[in-house]
Structures are given as structure tokens and as C-alpha cells.
Amino acid sequence: MDVAIDSSWKELLREEFEKEYFLRLTETIKAEKSSGIVIYPRGSHIFNAFNLTPFNKVKVIIIGQDPYHGPGQAHGLSFSVPDGVNLPPSLQNIFKEIKSDLGVNAPFSGNLERWASQGVFLLNAVLTVRAGQAASHAKIGWTEFTDAVISMLSKHKSDLVFLLWGNYARGKKELIDSTKHLILEAAHPSPLARGAFFGCKHFSKTNDFLKLHGKVPIEW
């Protein structure tokens, strides 16, 4: 299968794209689309995180669960929404923590492409979803693929920062070599966590670590 993805990732993941589970995954999505099921994000955005943050540029990884399932929200970056779309509650809380941590005012847009271009890899564990049905593609093979991606980042790079928010993301900790990378854990920014995310100071901690290792900090 020919996957429209940045060349650095394509080379690294070539074997993954040829595995049986990935071929089944793509057939499942094609079959659903041909039957009239609406799937988010649109095809050209499924690998947006990879295309906006090539492998050699990755400095920070923020792991989300699956894409937003409302119309116009998902565009292939965890927690992010396109310009002009209302900020989801979790993203509002992320911006509140950045304000508290760094004194940076929340932007008008929830489009996090500006983070991606600085090396923040905004990876959802599941890359597609049926319209209106949260986690509807959670078991079609995406997690096997993204677990491989996380493992490759851990293995082939050093001094990365992994931000694991909520129990689901924290479950990926076993894929990461903590002797090579910084792992920061916190509650999920969702309002369902009742504010437990606030005060984690992950954004200043990330930048302190990057500077310590000679990397340019992120303009959050």
C-alpha cells in the first residue's frame, strides 16, 4: 500500500505498512467509506502529525487517544482543532495550564500546527474514527501501529520528552526507555479529571529539559 506520509517516516515504517494487520486496517477503512460511513479526519489528514513533524525534527511527544468525532474538528493532530473551530474543553485546560505555568496567554485558535512545526509530535494512538462514534476504530489495528511508532522513537532517538496525560497515555510508558528520555505524567486535561491536570507544569519542565540538552525550547 502507498501511504501518503513524510519520507523520513515512510522509510522507518516501511515494514510496518506491509504487515498483515496494517493491510487489514486499510481495507476496513476503505470498506466503511465505500458503504457511506463518514470517517474523520479526511484521508489527507490521517498522517498529519507525521507530515508536519518529520522524524528528525521530533523533540516532544504528546499522546492522545483518538480523533475528535464531531464535524470539522479532527485534522490529524492530538488535542488540536483547525482554525475557526471552538476550543474543546481539554484544549481549553491545556491553554489554562500554559498560562499558569509560563504566563503565555491562550491563543484565539486551537490549531496546534505551530507546535508541530517546532518538533512537538501530536500523536493520537488511534488515527481515525467514525463520525459521532468515539473510539469506534480503537480495535481495528491503529494501536499496534502507533505503539510501533512510539517504540521506534524511543529506540532511535535520545533526549525526547514524552507527555503522558491520563491513564490511557500513561499505559504507553512501557514502550519508552526512561534511561534515554524524560517521561512526564499527569492527569488528563479533560474536565472529567476535575482539575487534577492543573499545576503539572509540564510545559516549563519540557523546555528546561530541552535547554539542558542543547535543544531549542518550544514556544507554547
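Since we're looking at a predicted model, the values are computed, not measured. (Residues numbered from 1 in each chain as written. Predicted model: local features only at pLDDT ≥ 70, side-chain atom pairs only at ≥ 80, totals over all residues. Heavy atoms only, no water.)

Asker: Which parts of the structure should I look at to understand the side chain of Lys 59?
Answerer: Note that Lys 59 resides in the loop between α4 (48-52) and β2 (60-64). The buried charged residue Lys 59 lacks any salt bridge partner; its closest oppositely charged side chain belongs to Glu 219, at an N-O distance of 9.5 Å. Side-chain polar atoms of Lys 59 contact the backbone oxygen of Val 216, separated by 2.6 Å. Each residue touching Lys 59, except ones within four places of it in the same chain, is listed here: Gln 118, Gly 119, Asp 159, Leu 160, Val 161, Leu 210, Lys 215, Val 216 and Ile 218. (Helix = DSSP H or I, 4+ residues; strand = E, 2+ residues; numbered from the N terminus. Buried < 20%, exposed > 50% of the residue type's maximum accessible area, 1.4 Å probe, protein only. Lys, Arg positive; Asp, Glu negative; His and termini not counted. Salt bridge = Lys/Arg side-chain N within 4 Å of Asp/Glu carboxyl O. Polar contact = N/O pair within 3.5 Å; in protein donor to acceptor, adjacent residues only side chain to side chain. Contact = heavy atoms within 4.5 Å.)

Asker: Is there a simple way to explain the packing of helix α3 (residues 20-34) against helix α7 (residues 142-156) in this structure?
Answerer: Each pair of packed helices can be summarised by the angle the axes make with each other and by the distance between the axes. Packing of α3 against α7 leaves a shortest axis separation of 9 Å and a crossing angle of 130°. Here α7 runs oblique to α3, going by the angle between their axes. By crossing handedness, the relation of α3 to α7 is classed as left-handed. When α3 is examined against α7, the residues Tyr 21, Phe 22, Leu 25 and Ile 29 are found in contact with a partner set consisting of Trp 142, Glu 144 and Phe 145. Its residues assigned to classes, the contact of α3 with α7 shows six nonpolar, no polar and one charged. (Axes fitted to C-alpha atoms, helices over the stretch in contact; angles between N-to-C directions. Parallel < 35°, antiparallel > 145°, perpendicular 65-115°, else oblique. Left-handed = near helix turned anticlockwise from the far one by under 90°. Nonpolar A, V, L, I, M, F, W, Y, C, P; charged D, E, K, R; others polar.)

Asker: I keep staring at the layout of surface pockets and nothing clicks. Help me out?
Answerer: Think of a ball as big as a water molecule: rolled over the atoms, this probe shows where empty space is left. Of the pockets and cavities examined, the largest pocket occupies roughly 550 Å³. Lining the largest pocket are 31 residues, and of these Asp 66, Pro 67, Tyr 68, Ser 90 and His 188 sit closest to its centre. Class assignment of the residues belonging to the lining of the largest pocket gives a composition of 17 nonpolar, 13 polar and one charged. (1 Å grid on protein atoms, 1.4 Å probe; cavity = no way out; pocket = protein on both sides within 12 Å on 5 of 7 lines; lining within 4 Å. Points joined across faces, edges and corners; volume = space filled by probe spheres on them.)

Asker: For this particular structure, what's the right way to read the pattern of salt bridges?
Answerer: This structure, assessed with the given rule, holds seven salt bridges. Here Arg 130 and Glu 32 are joined by a salt bridge, their closest N and O atoms 2.8 Å apart. Of this pair, Arg 130 sits in strand β4 (residues 129-130) while Glu 32 sits in helix α3, and the two are 98 residues apart along the sequence. Looking at Glu 32, the relative accessible area reads 8%, which means it is buried. Lys 172 is paired through a salt bridge with Asp 147; the nearest N and O atoms lie 2.8 Å apart. Of this pair, Lys 172 sits in the loop between α8 (166-170) and β6 (182-186) while Asp 147 is found in helix α7, placing the two residues 25 residues apart along the sequence. Overall, the relative accessible area of 8% leaves Lys 172 in the buried class. When its relative accessible area of 23% is taken as the criterion, Asp 147 is described as partly exposed. Within this structure, Arg 170, Lys 173 and Glu 185 form a network of salt bridges that share partners.

Asker: Help me understand α3, please; the structure alone is not making it clear to me.
Answerer: Over its 15 residues, α3 runs 21 Å from end to end, which matches the ideal 21 Å to within 8%, given 1.5 Å per residue. Every buried residue of α3 is accounted for by Tyr 21, Phe 22, Leu 25, Thr 26, Ile 29 and Glu 32. Across the axial projection of α3, the buried residues extend over an arc of 135°, all falling on one side. Exposed side of α3, more than 90 degrees from the buried face: Glu 20 and Ser 34 are the residues found there. In this structure, the buried side of α3 is in contact with α2 (14-17), β1 (39-40), β4 and α7. (Expected span 1.5 Å × (residues − 1). Arc of directions from axis to C-beta.)

Asker: Help me understand the environment of Val 81, please; the structure alone is not making it clear to me.
Answerer: On the secondary structure map, Val 81 appears in the loop between β2 and α5 (89-102). For Val 81, a relative accessible area of 0% gives the class buried. Residues Val 81 and Leu 91, ten residues apart in the sequence, show an inter-C-alpha distance of 9.0 Å. Those residues in contact with Val 81 that lie beyond four places of it in its chain are Tyr 68, Gln 73, His 75, Asn 86, Pro 88, Leu 91, Gly 110 and Asn 111.

Asker: What's the story with the packing of aromatic side chains in this structure? I'm lost.
Answerer: Describing an aromatic ring pair means giving the distance of the ring centres and the angle of the ring planes. By the definition in use, this model includes 23 aromatic pairs. Relative to Trp 220, the ring of Trp 115 has its centre 4.8 Å away and its plane inclined at 90°; by these criteria the two rings are edge-to-face. Remark: Trp 220 occurs in the segment after α9 (202-212) and Trp 115 occurs in helix α6 (residues 113-116); sequence separation between them is 105 residues. Of the residues examined, Trp 115 reaches a relative accessible area of 1% and is grouped as buried. Its relative accessible area of 5% is what places Trp 220 among the buried residues. Centroid distance Phe 203 to Trp 220: 4.9 Å. Interplanar angle 75°. Geometry classified as edge-to-face. Here the residue Phe 203 occupies a position in helix α9, and Trp 220 occupies one in the segment after α9, the gap between them amounting to 17 residues. Of the two residues examined, Phe 203 and Trp 220, each falls in the buried class. Put simply, the rings of Trp 9, Phe 17, Tyr 21, Phe 22, Phe 47, Phe 50, Phe 55, Phe 121, Trp 142 and Phe 145 pair up and form one aromatic cluster. (Phe/Tyr/Trp six-rings, centres within 6.5 Å; stacked < 30°, edge-to-face > 60°.)

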